[in-house]
Amino acid sequence: MDKEQEEIQFLGIFDIYKEAYKIIFSWRKIFSQITLTLILPLSLISLAHIQVSELLFRRMNRNEIILDKTKAGTPKYKKLSDHISSEWTSFWLFKAAYFTFLLIFFLLSMLAVVYTVTSIYTGCEVTFKKILSVVQKVWKRLMVTFLWVFIAFFAYNTLALIVLFATLYSINSTYNADLVIGIILLVIYLVGFVYLSLVWQLASVVSVLEDVRGIEAMKKSKTLIEGKMWVAILVFSKHIISVFLLQFAFQNLVVHGHYKKKVDRVGYAIICLLVLLKLILFGLVIQTILYFVCKSYHHENIDKLALSDHLEVYLGDYVPLIKADV
């Protein structure tokens, strides 16, 4: 980013998009290496999960239909029941493996992009070898922050369920009234969910670029978002909607596209993969730019020299980033 600190705070949504495109295009070689090494496996895991889950569900559903038509107590019934139990075990093991690898590659991709964009902003020399070296040393900081975010999401979802059941149980109303109450609670829940997601995104960047992690990074992220809330919400919402629409298209054109020719389904799968690669990379770059926009808005000094030193010491021993206010 070639803008002065005072100008960064005035970047709007389209300015942020434009800046992200400029950075990716100007440094397309290094971002291509990050994409092929980290974001490509992340995208493949995400799309493969949709396909494999559909196959597993279809097979389990077919076996359960057969089980319902089988007389209970017979050897065939017991064999089918044991087989279905084994399938459910395999399904949940698959889910656990999926979320584990998804988390690993997502955090590594995020770390690599944050480091790269900040290195470009500060004028540091950035090579793919340096990026891999930093990723190996800093991923634990991101993991600590993620664990705190996971706790926050778990507590939030638990509280939401308690409020939902308590509200519906305590109010003796008609079906239509329950439906209206449910919709209102859903809207409130989604607002909170989006807010927590925004806190997580900026907290991840804070964990890499500042000497805080975990709950402290979340507190700092919460402070940074204030004043730029609507910009952050619009950017985040547009990105999430784009990813959702892509997954919807993949599910309908590839997973459920049995009526299409095999070559067409393969073609659609490749297109979806390429678009998802772009969306993930674009989203991570925007996330880092948004951090600098929020820092500038709050008149926190973005010291390029201090940031440069902070990035360089990741290649050696860690020292705190110097913080100063304007």
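Given the structure is predicted, the values throughout are model-derived calculations rather than measurements. (Residues numbered from 1 in each chain as written. Predicted model: local features only at pLDDT ≥ 70, side-chain atom pairs only at ≥ 80, totals over all residues. Heavy atoms only, no water.)

A closer look at the overall build of the chain
Stated formally: To qualify as a helix, a DSSP run of H or I must reach at least 4 residues; to qualify as a strand, a run of E must reach at least 2; elements of each kind are numbered from the N terminus. Exposure categories follow from relative accessible area, calculated using a 1.4 Å probe and restricted to protein chains: below 20% of the type maximum is buried, above 50% is exposed, and the middle band is partly exposed. Note on contacts: a residue pair qualifies if any of its non-hydrogen atoms lie within 4.5 Å across the two residues. All accessible areas in this document rest on Shrake-Rupley with a 1.4 Å probe, and a residue is counted as covered only by the protein chains that are shown.
Check the secondary structure of the chain and you find 10 helices and 0 strands. Ordered by position from N to C terminus, the α and β elements of the chain give α-α-α-α-α-α-α-α-α-α. Counting only residues that meet the buried cut, the chain has 42% of its 326 residues in that class. Relative to all contacts within the chain whose residues are 6 or more apart in sequence, the contacts with residues 24 or more apart total 78%. Element-wise, carbon and sulfur atoms account for 69% of the exposed surface of the chain, whose accessible area totals about 18300 Å².

With respect to the pattern of salt bridges
Quick reminder of the rule: The rule for a salt bridge is simple: a side-chain nitrogen of Lys or Arg has to be within 4 Å of a carboxyl oxygen of Asp or Glu.
The final tally for this structure, using the stated rule, is 7 salt bridges. Notably, a salt bridge pairs Glu 216 with Lys 219, separated by 3.8 Å at the nearest N-O pair. Residue Glu 216 and its partner Lys 219 are both found in helix H7 (residues 214-225); the two are separated by 3 residues, about one turn of the helix. Via salt bridges that share partners, Glu 210, Lys 220 and Lys 295 belong to a single interconnected network.

Considerations on a nonpolar patch on the surface
Keep this limit in mind: Patches in this entry comprise residues that are over 30% relatively accessible and not in a salt bridge; like charges within 9 Å are linked, as are nonpolar side chains (Val, Leu, Ile, Met, Phe, Trp, Tyr) within 5 Å.
There is a patch of nonpolar side chains on the surface, built from Val 144, Trp 148, Phe 150, Ile 151, Phe 154 and Ile 215 and spanning about 580 Å² of accessible area. Counting residues per element, the nonpolar patch draws most heavily on helix H5 (residues 128-170), which supplies 5 residues. For Trp 148, the location among the structural elements is in helix H5.

Quick look at helix H9 (residues 262-297)
Rules: In this scheme, a helix's expected span is set at 1.5 Å multiplied by one less than its residue total.
Relative to the 52 Å expected for 36 residues at 1.5 Å per residue, H9 spans 52 Å between its end C-alpha atoms, a close match to the ideal helical length. One or two residues past the end of H9 sits His 299, with phi positive at roughly 60°.

Points about the packing of aromatic side chains
The following threshold applies: In this scheme Phe, Tyr and Trp rings, the latter by its six-membered ring, pair at centre separations within 6.5 Å, and the angle between planes marks the pair as stacked below 30 degrees, edge-to-face above 60, and tilted otherwise. Charge over a ring is defined by NZ of Lys or CZ of Arg lying within 6 Å of the ring centre and within 35 degrees of the ring normal.
Inspection of every chain in the model, using the stated rule, returns 17 aromatic pairs. Put simply, the rings of Phe 14, Tyr 17, Tyr 21 and Phe 282 pair up and form one aromatic cluster. Taking NZ or CZ as reference, Arg 28 lies 4.6 Å from the ring centre of Phe 25, over its face.

Quick word on the packing of helix H3 (residues 28-68) against helix H8 (residues 229-255)
For the record, the criterion: Inter-axis angles, ranging from 0 to 180 degrees, are taken between N-to-C directions of lines fitted to C-alpha atoms, where helices are fitted over the stretch in contact. Note on terminology: angles under 35 degrees are roughly parallel, angles over 145 are roughly antiparallel, angles of 65 to 115 are roughly perpendicular, and the others are oblique. Should the near helix be turned anticlockwise from the far one by less than a right angle, the crossing is left-handed, and should it be turned clockwise, the crossing is right-handed. By the convention adopted, Pro, Cys, Tyr, Trp, Phe, Met, Ile, Leu, Val and Ala count as nonpolar, Lys, Arg, Asp and Glu as charged, and the other residues, Gly among them, as polar.
Across the interface, H3 lies against H8 with an axial gap of 11 Å and an inter-helix angle of 50°. Viewed along their axes, H3 and H8 adopt a mutual orientation that is oblique. In this structure, H3 meets H8 at a crossing whose hand is right-handed. Contacts between H3 and H8 involve Ser 46, Leu 47, Ile 50, Gln 51, Glu 54 and Arg 58 on the former and, on the latter, Gln 247, Phe 250, Gln 251, Val 254 and Val 255. Split into classes, the residues belonging to the contact of H3 with H8 amount to 5 nonpolar, 4 polar and 2 charged.

Focus: the confidence of the model for the chain
For clarity, the cut-off: Confidence scores here are pLDDT values: one per residue, from the predictor, ranging 0 to 100.
Within the chain, residue pLDDT values average 82, and 89% of them lie at 70 or more. Contacts from residues 317-326, a stretch scored under 50 in pLDDT, to residues over four places away or in other chains number 27 contacts.

Examining helix H2 (residues 13-26)
The following threshold applies: The arc in question is formed by the directions pointing from the helix axis toward the C-beta atoms.
End to end, H2 covers 20 Å across 14 residues, agreeing with the expected 20 Å (1.5 Å per residue, within 8%). Restricting attention to buried positions, one finds in H2 the residues Ile 13, Ile 16, Tyr 17, Glu 19, Ala 20, Ile 23 and Ile 24. For H2, the buried positions fall inside an angular range of 165° around the axis, keeping them on one side. Of the exposed residues in H2, those oriented more than 90 degrees away from the buried face are Phe 14, Lys 18, Tyr 21 and Phe 25. Packing partners of the buried residues in H2 comprise H3, helix H4 (75-122), H8 and H9.

Observations concerning the nonpolar core
Here is the rule: Remark: nonpolar core denotes a set of buried residues (Ala, Val, Leu, Ile, Met, Phe, Trp, Tyr, Cys) joined through side-chain atoms within 4.5 Å.
Counting 78 residues, the largest nonpolar core has Ile 16, Phe 31, Ile 34, Val 113, Ile 131, Val 285 and Tyr 291 as its most contacted members. Among the secondary structure elements, those contributing two or more residues to this core are H2, H3, H4, H5, helix H6 (175-209), H7, H8 and H9. A per-element tally of this core places H9 first, with 17 residues. Setting aside its immediate chain neighbours within four residues, Ile 16 contacts Leu 11, Val 231, Ile 286, Ile 289, Leu 290 and Val 293.

With respect to the packing of H8 against H9
H9 packs onto H8 with a crossing angle of 170° between their chain directions and a minimal axis gap of 10 Å. What the angle tells us is that H8 and H9 run roughly antiparallel. For H8 against H9, the interelement crossing comes out left-handed. Listed contacts from H9 to Val 231, Ala 232, Val 235, His 239, Ser 242, Val 243, Leu 246, Phe 250, Leu 253, Val 254 and Val 255 of H8 are Arg 265, Tyr 268, Ala 269, Cys 272, Val 275, Leu 276, Leu 279, Ile 280, Gly 283, Ile 286 and Leu 290. Residues belonging to the contact of H8 with H9 are distributed by class as follows: 18 nonpolar, 3 polar and 1 charged.

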